[in-house]
Amino acid sequence: PPAKPQDKEKEKKPASPPLPRQNAKITPPSPPKVICDKTGTIQLNRVGFLGEGGFARVYEVKESSGARLACKVVTKSSLKTKKAKTKLYAEIKIHRSLEHPNIVCFQECFEDDDNVYMTLELCPSGSLMDMLRRRRRFTEPEARFFMVQLMGACHYMHTHQVIHRDLKLGNLFLDANMNVKVGDFGLAALIENPGERKKTICGTPNYIAPEVLFDTANGHSFEVDTWSIGVILYTLVVGRPPFQTAEVKDIYKRIRDNLYDFPPERAISTGAQSLIEQILTPNPQHRPTLHEIVDHAFFVQGLVPPYIPTSAHDAPPDFR
Ligand code: ADP
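Residues numbered from 1 in each chain as written. Predicted model: local features only at pLDDT ≥ 70, side-chain atom pairs only at ≥ 80, totals over all residues.

Within an unreviewed UniProt entry, the label attached to the chain reads Serine/threonine-protein kinase, and the organism entered is Tricholomella constricta.

Quick look at the overall build of the chain
Stated formally: In this description a helix means any DSSP run of H or I spanning at least four residues, a strand means any run of E spanning at least two, and both kinds are numbered starting from the N terminus. Our exposure labels follow a C-beta count within 10 Å of each residue's own C-beta, placed from the backbone: buried means 20 or more other C-beta atoms, exposed means 12 or fewer, and partly exposed covers the counts in between. We call two residues in contact if the C-beta atoms placed from their backbones are at most 7 Å apart.
When its secondary structure is counted, the chain shows nine helices and ten strands. Per-residue burial over the chain gives 37% buried out of 320 residues. For the chain, contacts bridging at least 24 residues in sequence account for 64% of all contacts bridging at least 6.

Some words on the environment of Lys80
Of note, Lys80 is situated in the loop between β4 (68-75) and α1 (82-96). Taking C-alpha positions, Lys80 is 26 Å from Asn171, a pair spaced 91 residues apart along the chain.

Examining the environment of Leu280
Secondary-structure assignment places Leu280 in the loop between α7 (270-279) and α8 (290-294). Along the chain, Leu280 and Ile308 lie 28 residues apart, while their C-alpha atoms are 27 Å from each other. Excluding residues that lie within four positions of it along the chain, Leu280 makes contacts with Trp227, Gly230, Pro242 and Asn258.

Re the sheet that holds strand β3 (residues 57-62)
Note the cut-off: Strand pairing requires that DSSP identify at least two bridges connecting the strands. Lines are fitted to the C-alpha atoms to define the axes, a helix being fitted only along its stretch in contact, and any angle between axes, read from their N-to-C directions, falls within 0 to 180 degrees.
The six strands lie next to each other as β1-β2-β3-β4-β6-β5, forming an open sheet whose pairing is antiparallel. Both outer strands of the open sheet, β1 (34-36) and β5 (106-111), are each paired with one neighbouring strand and no more. The mean inter-strand angle of the sheet, taken between neighbouring strand axes irrespective of direction, is 40 degrees. Pairing geometry for β1 and strand β2 (residues 43-52), over three bridges, is antiparallel. By the bridge assignment, Ile35 is partnered in β2 with Leu44. Packing against the sheet, α1 makes contact with β4, β5 and β6 (115-121), and its axis sits at approximately 150 degrees to β5.

Structural notes on the confidence of the model for the chain
The cut-off we apply is this: Confidence of the prediction at every residue is given by pLDDT, a number between 0 and 100.
Of the residues in the chain, 92% reach a pLDDT of 70 or more, and the chain-wide mean stands at 91. This complex was scored by the predictor with a pTM of 0.90 and an ipTM of 0.96.

Quick word on the site of the ligand
Heads up, the condition is: Near, as applied to residues and a molecule or strand, means the residue's backbone-placed C-beta atom lies within 6 Å of it.
Around the ligand, the surrounding shell holds 20 residues, and the nearest of these are Gly51, Gly53, Val58, Ala70 and Cys123. Here the shell around the ligand gets three residues from one element, more than from any other, and that element is β2.

A word on the UniProt feature "binding site: ATP" (unreviewed entry) in the chain
Our working definition: UniProt positions are given in the numbering used here, feature names are shortened, and annotations may be inferred rather than shown by experiment.
Feature annotation in UniProt assigns "binding site: ATP" (unreviewed entry) to the following positions: Lys72. Here Lys72 is to be found in strand β4. Residues in contact with Lys72, not counting those within four places in the same chain, are Ala56, Val58, Met118 and Leu120.

What to know about α7
Think of an α-helix as 3.6 residues a turn; residues three or four steps apart then line up on the same face. Our working rule: Note: the arc covers the axis-to-C-beta directions of the helix.
Among the residues making up α7, those that are buried are Ala272, Leu275, Ile276 and Ile279. Buried residues of α7, viewed axially, fall in a sector of 100 degrees; they line one side. Considering only its buried residues, α7 is in contact with α3 (140-159), α5 (223-238), α8 and α9 (297-300).

Some remarks on the nonpolar core
Selection rule: Core membership is restricted to buried Ala, Val, Leu, Ile, Met, Phe, Trp, Tyr and Cys residues, and these are joined into a nonpolar core through C-beta atoms within 7 Å.
Membership of the largest hydrophobic core comes to 77 residues, with the highest contact counts inside it found for Cys71, Phe146, Leu150, Ile229, Ile232, Leu233 and Val237. Once residues lying within four places of it in the same chain are set aside, the contact partners of Leu150 are Leu172, Val180, Val182, Ile229 and Ile232.

A word on the pairing of β6
For a regular strand, side chains alternate in direction, first toward one face of the sheet and then toward the other. Summarising burial for β6: six of the seven residues are buried, a large majority. Note that β5 and β6 share five bridges and pair antiparallel. Of the residues in β6, the one forming a bridge with Cys109 is Met118. Counting the residues in the hairpin turn of β5 and β6 gives three residues.

This is how it looks when you write it as structure tokens:
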């Protein structure tokens, strides 16, 4: 059996939609109401709580100019080990190097005595996972719109030698105009030498590529993001991830055996089905490139809306 993945793959317990929220853990003390750096040049008013992840809590903050930002807070008490520090520095180094309209913008990073803070572009409309909970599933035109933006961001990351390694609906945020913003670079890796392979088993169970779990000798590379993109497309149009079951070890078995199907009652188009099947190819070398994916009939012959109305948060838009 594969080794237990590290970090935050415990995510949420898989279930049929609507997917449950993760239960809150013991909460560390809140950061100050007015967050300042050590020199006092930065002053942010904490105005709300946005969410929490594996090791950080994220707040909405306001600058003196009135501009609103997201502020990711990591307590220094959680950074006692060298490994934890290295991970956070890697996340900061990678995230701050990326600038793309579909990637959450990294603003700055500072500390006080208790915490490390990262200010980020605010995504006030939540993630595609939140939206899926309300909508249960998306129309294919919406899926095309979100996928085109996601693949633009992913292509940009890959040309900058970054593998995200945790692409999933919960890490795809939305701005006020329903544009996708890829966030959470906590598991991202930088490929520093051409041909370099990564060996760390990481990701989120439903979205992990088979080579991460079962080809640990060879390692993995950029194609793991392509796999997750296939899982995301399936999840958008079907309403739940393809390999989902109650037990994580059974998810891994299904990934190993490439076992998933298209529920007939969902009436998934043949274009979407054939593209998903191509992307979810077990051998990473045989997976389509991002260019090949956008050239697929699903995109070329289907409607790609120029924008998504905000009414889509709660009800399927009518694209006629
Ligand atoms: P972790 O790295 O600890 O998993 P995340 O980056 O995933 O933390 O953030 C945790 C939660 O905080 C997210 O699920 C989301 O609800 C919220 N969040 C994170 N970044 C933003 C942002 N830029 N705008 C709005 N909410 C955010």
